[in-house]
Amino acid sequence: MIPETYKVLILGASYGSLLGVKLAMAKHAVQLVCLPEEADLINSEGAIVRFPIRGRDGLIEICSRDLAGSVSAIGPEQACPEDFDLVVLAMQEPQYRHPSIRNLLDRISDSARPCMSIMNMPPLPYLERISGLDTEACRDCYADAAVWDTLGSHLMTLCSPDPQAFRPPDQPVNVLQVRLPTNFKAARFESAEHTRMLRRLESDIQDARYELPDEAIEVPVKLRVHDSVFVPMAKWSMLLAGNYRCIGPDGMRPIRDAVHQDLDESREIYEWVSRLCISLGADATDMVPFDKYARAAQFLVTPSSAARALAAGAPEIERVDRLVQTISAQHDLRHAAVDRIVALVDAWLVRNRDQ
């Protein structure tokens, strides 16, 4: 029997709060796993997400406390994954090596609950769903590949975090602002039962409306569920052509500039990564055309989160750049620009770790 509402545990309160608020609009119950300061604010004041709405000036602010569903927050030690229908992994990949999060991953594995990742870096169990891919050779691309060893591929799916959102620096940590209101694109689970749950969530989010004093409005950022396991990997082209090319030898530039200052090179990198995905088994229709991405990139006026993290001294970031390089080597493919990106990120990380 399909329940009227689902309970969803989300690890991470940044992008996690965006998906969480969308689920709460659709009447589902969400619990976010996050830091104590974040949990205290979310539990006392709600999770707040600001959305641009087509045809309206300014932003619409939606607070989880005003919604039909619920959003609460808790620390990793208190989380009980067995109480939930779905677990969403919404932290940056290096964060999963923290002892409390690693312990929670083990308990998630014991609970046998289905997991949907909305990381840019696909969890290793998801890569195991790609026929012919040597996942053992990919382990060095992860901050700590061992954290994924207990999770089974049959319970893992991937969702591309295409919406662009940020925490305004002058606002409390329970506030998130959406800059680019595109959709989350999820691949189906191996299990038909778990996929039906995703499609129900997709439908409920699509139908949900936010009540204003004068009307009920449709709010952007939807969940789209696809049969192809390669659809979320369309993000790889975007990351290599834009996000990682924000990173310079001595500083960072906005995604818009990384893409548009040399549009021909951006297109070349983008389409090379798309062809790599197709060589793995993707259909051309699983990929996003470069021109569509380039138009969206014009609105991305800050450096990527990876670039900002490196500039702030981070000793680890998500290494989709290295993952793409490693997978391409399995097919005897190389691209000089991708090699330069990997070498540049490596140099920044060495510098940060030596500080």
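Now for a look at the structure at hand.

Thresholds applied
- Residues numbered from 1 in each chain as written.
- Predicted model: local features only at pLDDT ≥ 70, side-chain atom pairs only at ≥ 80, totals over all residues.
- Heavy atoms only, no water.
- Salt bridge = Lys/Arg side-chain N within 4 Å of Asp/Glu carboxyl O.
- Helix = DSSP H or I, 4+ residues; strand = E, 2+ residues; numbered from the N terminus.
- Buried < 20%, exposed > 50% of the residue type's maximum accessible area, 1.4 Å probe, protein only.
- Pairing = 2+ DSSP bridges.
- Axes fitted to C-alpha atoms, helices over the stretch in contact; angles between N-to-C directions.
- Polar contact = N/O pair within 3.5 Å; in protein donor to acceptor, adjacent residues only side chain to side chain.
- Contact = heavy atoms within 4.5 Å.
- Expected span 1.5 Å × (residues − 1).
- Phe/Tyr/Trp six-rings, centres within 6.5 Å; stacked < 30°, edge-to-face > 60°.
- Lys NZ or Arg CZ within 6 Å of the ring centre and 35° of its normal.

Pairing between side chains of opposite charge can happen when the charged atoms of each approach one another. With the rule as written, the count across this model stands at 22 salt bridges. Residue Arg 245 pairs with Glu 265 through a salt bridge whose shortest N-O separation is 3.0 Å. Of this pair, Arg 245 sits in the loop between α6 (234-243) and α7 (255-260) while Glu 265 sits in helix α8 (residues 263-280), placing them 20 residues apart in sequence. Looking at Glu 265, the relative accessible area reads 25%, which means it is partly exposed. By sharing partners, the salt bridges in this structure join Arg 319, Asp 321, Arg 322 and Asp 346 into a single network.

Moving on to the pairing of strand β8 (residues 156-160). Here β8 lies mainly inside the structure; five of its five residues are buried. The pairing of strand β7 (residues 115-117) with β8 spans three bridges and is classified as parallel. Of the residues in β8, the one forming a bridge with Cys 115 is Met 156. Inspection of the sheet shows β8 paired to strand β11 (residues 184-187) by two bridges, in the antiparallel sense.

Here we come to the pairing of strand β4 (residues 59-63). Across five bridges, the pairing between strand β3 (residues 48-52) and β4 is antiparallel. Across the sheet, Phe 51 pairs through a bridge with Ile 60, a residue of β4.

This part takes up the sheet that holds strand β9 (residues 164-166). Across the sheet, which stays open at both edges, the four strands sit in the order β4-β3-β10-β9 with mixed pairing between neighbours. A single partner strand is all that each edge strand has here, and the edge strands are β4 and β9. In this sheet, adjacent strand axes meet at a mean angle of 25° when their direction is disregarded.

Turning to the side chain of Asp 321, a few remarks are in order. Relative to the helices and strands, Asp 321 is located in helix α11 (residues 320-330). A polar side-chain atom of Asp 321 sits 2.9 Å from a polar atom in the side chain of Arg 319. Beyond its immediate stretch of four places on either side in the chain, Asp 321 contacts Leu 240, Tyr 244, Val 338, Ile 341, Val 342 and Val 345.

Moving on to the environment of Val 342. As for its position among the elements, Val 342 is in helix α12 (residues 336-354). On the basis of relative accessibility, which here comes to 2%, the residue Val 342 falls in the buried class. If we ignore the near neighbours within four places in the chain, the residues touching Val 342 are Arg 319, Asp 321, Arg 322 and Gln 325.

Right, let's talk about helix α5 (residues 192-207) for a bit. Residues that lie three or four places apart on an α-helix share one face, since the helix turns once every 3.6 residues. The end-to-end C-alpha distance of α5 is 22 Å, a good match for the 22 Å that 16 residues give at a rise of 1.5 Å each. Along α5, the positions that sit buried rather than exposed are His 194, Thr 195, Met 197, Leu 198, Leu 201, Glu 202, Asp 204 and Ile 205. For α5, the secondary structure elements touched by its buried residues are α1 (15-25), β6 (86-89), β7, β8, β11 and β14 (223-226). At the N-terminal boundary of α5, the capping side chain belongs to Ser 191, with an oxygen 3.2 Å from the backbone nitrogen of Glu 193.

On to the packing of aromatic side chains. Under the criterion given, the structure shown has four aromatic pairs. With a centroid separation of 5.3 Å and an interplanar angle of 70°, the aromatic rings of Tyr 270 and Phe 290 are classed as edge-to-face. Of the two residues, Tyr 270 is situated in helix α8 and Phe 290 in helix α9 (residues 290-297); the sequence distance between them amounts to 20 residues. The pair formed by Tyr 270 and Phe 290 is uniform in burial state, with each residue classed as buried. An aromatic cluster of at least three residues, connected via ring pairs, comprises Tyr 270, Phe 290 and Tyr 293. The ring of Phe 84 has Lys 7 lying over it, and the distance from NZ or CZ to the ring centre is 5.3 Å. Sitting over the face of the ring of Trp 348, Arg 351 holds its NZ or CZ atom 4.5 Å from the ring centroid.

Turning next to unusual backbone geometry. Positive phi values are uncommon outside glycine, yet Ala 112 reaches one of about 60°. Mapped onto the elements of the fold, Ala 112 is located in the loop between α3 (99-111) and β7. The class for Ala 112 is partly exposed, based on a relative accessible area of 42%. Residue Val 221 is not a glycine yet carries a positive backbone phi of 80°. For Val 221, the location among the structural elements is in the loop between β13 (216-217) and β14.

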